[in-house]
Amino acid sequence: MNEQLPVELLNDAFNGFRDASRKLEEQYALLEDRIDELSQELAEKNRALERTRRLAAMGEMAARVAHEIRNPLGSMAIFATILERELGAEPEKQRLANHISTGIKSLDNLLSNMLLFASSPEAKLKPVDVRKVLEEALLLARGHEKEDVSVKAEFCGQTSIMADPVLLRQLFLNLIINAIDAMDRGGVLKVRTKVIDDRQRYMEIKFADTGRGIGKEHIDRVFDPFFSTKDRGTGLGLAIVSTVVNAHGGFIDVDSVKGEGTAFTIGLPMMREYRI
Ligand SMILES: Nc1ncnc2c1ncn2[C@@H]1O[C@H](COP(=O)(O)OP(=O)(O)OP(=O)(O)O)[C@@H](O)[C@H]1O
Ligand SMILES: [Mg+2]
């Protein structure tokens, strides 16, 4: 038997179906937008990942190139020293040979900084004498020195400490070179060590120069990698200094007055006492 459905019932069903399909269409449009957003995010993340991979590969390559340059540089340094000695009777030529030695030392420092920056070093601790490491760093800074700049060192009490001598030398060298660079019109760099017996025993090493100082607008950025105010600076020196301090579980402070001078204070934990 064929019973006819009332018209209102059919209308209701039809309206219900139309509402449901409109809602579905709206949700579908929302989903499409979200999918677009997500694929854009994914594409951006892929690009960032690719950039990071390239940077890591470049870092590795830079470290390898630095290693390769190091060996011939060593031979050149020896040859330049012999040349300098043999040209004793010809001061003008000897000065030129001295320029070669100085250039080699600067390159060597740059390579050391690059290698340390690329490798995030671990400190291999052993008993070292801070006085000896400082002397080595001062020797490496030779050629950088200026006529009217003098260095005064004062060691109060014990100078033996548990540290990585290679890293420590590089730290000292960067601070010494920066201080000399800052003293265009001559001055004094005072290096002072003392043992602080606080809650934890540590050695305080202070490098205070009478150079041009650091402006307030720059002081917060000096430890940032690649920050430099020098024409030919790479901005790696203080980044390495802070990496080395951290590798030793120490701390570093900077205090500076523009036009008067700058003091970097380092604290390195003493750990155990050793007699050298
Ligand atoms: N003793 C200092 N006196 C005045 N300014 C300093 C001193 N030490 C660091 N600075 C400032 O901090 C900046 C960063 O120093 P950093 O050693 O990191 O790089 P750089 O000396 O410019 O280059 P690089 O050490 O790589 O050759 C310097 O360019 C300089 O402006
Ligand atoms: Mg420097």
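In this report, the structure presented in the accompanying data block is examined.

1. Some words on the site of ligand 1
Neighbouring ligand 1 are 19 residues; Ser228, Thr229, Lys230, Thr234 and Leu238 lie closest to it. Within the side chain of Asn178, one N or O atom sits 2.8 Å away from an oxygen atom of ligand 1. The separation between an oxygen atom of ligand 1 and a polar side-chain atom of Thr234 is 2.3 Å. Contributing elements (two or more residues each) for the shell around ligand 1: helix H4 (165–182), helix H6 (237–247) and strand S7 (261–269). Across the shell around ligand 1, the residue classes tally to eight nonpolar, nine polar and two charged.

2. With respect to the pairing of strand S6 (residues 251–257)
Direction of pairing for S6 relative to S7: antiparallel, over a ladder of seven bridges. Within S7, the residue paired with Ile252 across the bridge is Ile266. In this structure, the hairpin formed by S6 and S7 is closed by a connection of three residues, where Gly259 is found at a positive phi of approximately 85°.

3. Topic: the packing of helix H3 (residues 130–140) against H4
Two numbers describe a pair of packed helices, the interaxial angle and the distance between the axes. Closest axis-to-axis distance for the H3/H4 pair is 9 Å, and the angle between their directions is 50°. Between H3 and H4, the angle falls in the class oblique. The chirality of how H3 crosses H4 is right-handed. On H4, the residues touching Val130, Val133, Leu134, Glu136, Ala137, Leu138 and Leu140 of H3 are Pro165, Leu168, Arg169, Phe172, Leu173 and Ile176. Here the contact of H3 with H4 is composed, by residue class, of 11 nonpolar, no polar and two charged.

Procedures and definitions
Going along each chain's sequence as written, the residues are numbered from 1 onward. Each chain is given a letter, starting from A, and each ligand a number, starting from 1, according to the order in which they appear as written. It should be noted that, the model being predicted, local features are given only for residues of pLDDT at least 70 and side-chain atom pairs only at 80 or more, the latter also being counted only at that level, while totals for whole chains, interfaces and linings use all residues. Based on all heavy atoms of the structure, the side-chain values leave hydrogens and waters out of the count. By convention in this text, a residue qualifies as near a molecule or strand provided that one of its non-hydrogen atoms is within 4 Å of it. Polar contact is the term for a pair of N or O atoms within 3.5 Å; when the atoms are in protein, one must be able to donate a hydrogen and the other to accept it, and sequence-neighboring residues count only if both atoms are side-chain atoms. Secondary structure elements follow DSSP: runs of H or I of four or more residues count as helices, runs of E of two or more count as strands, with numbering from the N terminus. Gly is placed with the polar residues, together with every amino acid not listed as nonpolar (Ala, Val, Leu, Ile, Met, Phe, Trp, Tyr, Cys and Pro) or charged (Asp, Glu, Lys and Arg). At least two DSSP bridges between two strands are needed for those strands to be called paired. Angular values range over 0 to 180 degrees, each being the angle between N-to-C directions of two axes fitted as lines to C-alpha atoms, with helices fitted over their stretch in contact. Working definition: roughly parallel below 35 degrees, roughly antiparallel above 145 degrees, roughly perpendicular at 65 to 115 degrees, and oblique for all remaining angles. Each crossing is labelled by how the near helix is turned from the far one, with a counterclockwise turn of less than a right angle marking it left-handed and a clockwise turn marking it right-handed. It only takes one pair of heavy atoms within 4.5 Å for two residues to be counted as in contact.

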